[in-house]
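An overview of the molecular structure
Residues per chain are reported as follows:
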Amino acid sequence: MIIKGYLWFNDDNIKVGFTEKDKKYVRETSAGLKKAIKFLSKYFHVKKNFGPIRAILVPNRKEYDRLVKTVLRVDIEKPSRPSRIAQTQRTDLVLLAPFAYATDSIYEYSAKEYQRLVFHETTHIFEEHLSPNIEALPRWWSEGLAAYLSKQWKYEDDFRKPVLKGLGKKIPGFKKIQNDVKLAYQWGWTIVKYIEHNYGQKMICTIVRNCRDGDVFKIIGETMRNSERKWKKYLKKETNWGTVLESP
């Protein structure tokens, strides 16, 4: 599909579309994609060159909504909420350009956070490519996987603060996390981290490549109840949470 009004930067298996005023973010976006592709290809044992990935930097909220609908074919609310700044589908990625953050989002631009955002979204692209049924997977898993591998959990308040607060008061249960979008984003990475810690990276890859019905715990060989009990014990036992999460 030809997208009118955009310039294009090509770098091996990466293609970045942009408008003139967003030109300064093109190489940064391409470099972030390259770094993510290299890491994720090794992590998920993808032997062939992954891609091509096409990222489009859009100049405003209205254009973001238009391309998400017409290029990605994803239905979202219009106008989309200010917290939406990135959307993937297949190997396409639509990004609100950082230049528009001040007027069209709730975020302030940070070069490091932008790199982690690109990594997060590239994780979604890899997962969709490898999954036998991406639509069946629970939100906490997909968002948790992306937040965990991108290390957003370690450095960004949206992921760190709710967990620190919960560890000091009350940790939500799996069913609550599964049924609450906000909790899925905030706590999903802790479950993914627990799974990798207890069962290894190989289990993460197995879940991504084999989970057809959305039952992550069945693949692990545990009930949700038993997994929740072990996860909470892991969270309470882990001695470096405070150090890791309070000192980004």
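Before any of the text, the structure's been laid out above.
Residues numbered from 1 in each chain as written. Predicted model: local features only at pLDDT ≥ 70, side-chain atom pairs only at ≥ 80, totals over all residues. Heavy atoms only, no water.

Digging into the overall build of the protein
Using the following cut-off: Helix and strand labels come from DSSP, where a helix needs a run of H or I of at least four residues and a strand needs a run of E of at least two; each type is numbered from the N terminus. Between the two quantities, the radius of gyration covers C-alpha atoms and the globule rule is 2.2 Å times the number of residues to the power 0.38. Accessible area is worked out with a 1.4 Å probe on protein chains only. A residue is then buried under 20% of its type maximum, exposed over 50%, and partly exposed in between. In what follows, residue pairs with any heavy atoms lying within 4.5 Å of each other are defined as contacts.
Along the protein, the regular secondary structure elements total 13 helices and 5 strands. The C-alpha radius of gyration of the protein comes to 18 Å, within 12% of the 18 Å expected for a compact globule of 248 residues. Projected onto its principal axes, the C-alpha positions of the protein cover 55 × 35 × 30 Å. Here the protein holds 248 residues, and the buried ones make up 53% of them. Sequence separation of 24 or more characterises 64% of the internal contacts of the protein that already satisfy a separation of 6 or more.

Topic: the sheet that holds strand 1 (residues 7-11)
We count it as follows: Only strands joined by at least two bridges in the DSSP assignment are considered to pair. Whenever a helix is involved, its axis is fitted only over the stretch in contact; in every case the axis is a line through C-alpha atoms, and angles between N-to-C directions fall within 0 to 180 degrees.
Spatially, 1-2-3-5-4 is the arrangement adopted by the 5 strands of the open sheet, whose pairing is mixed. Bordering the open sheet on either side are strand 1 and strand 4 (86-89), each of which pairs with just one other strand. Across this sheet, the average inter-strand angle for adjacent strands is 15°, counted without regard to direction. Relative to strand 5 (residues 92-96), strand 3 (residues 53-58) runs parallel, the two sharing 5 bridges. Note on strand 5: the bridge partner recorded for Leu57 is Leu95.

Things to note about the pairing of strand 5
A large share of strand 5 lies buried, amounting to 5 of its 5 residues. Residues Asp92, Val94 and Leu96 point to one face of strand 5 and Leu93 and Leu95 to the other, with burial holding for every one of them. Sheet analysis places strand 4 next to strand 5, joined by 4 bridges and oriented antiparallel. Paired with Thr88 across the strands is Leu93, a residue of strand 5. From the end of strand 4 to the start of strand 5, which pair antiparallel, there are 2 residues, and Arg90 there has a positive phi angle of about 55°.

Focus: the pattern of salt bridges
What counts, and what does not: Whenever Lys or Arg places a side-chain nitrogen within 4 Å of a carboxyl oxygen from Asp or Glu, that contact is recorded as a salt bridge.
Counted by the stated rule, this structure contains 12 salt bridges. The residue Asp213 makes a salt bridge to Lys218 at a minimum N-O spacing of 2.5 Å. For Lys230, the salt bridge identified is with Glu222, shortest N-O distance 2.4 Å. Residue classification places Lys230 among the partly exposed residues on the basis of a relative accessible area of 30%. Taken together, the shared-partner salt bridges in this structure form one network comprising Asp11, Asp12 and Lys34.

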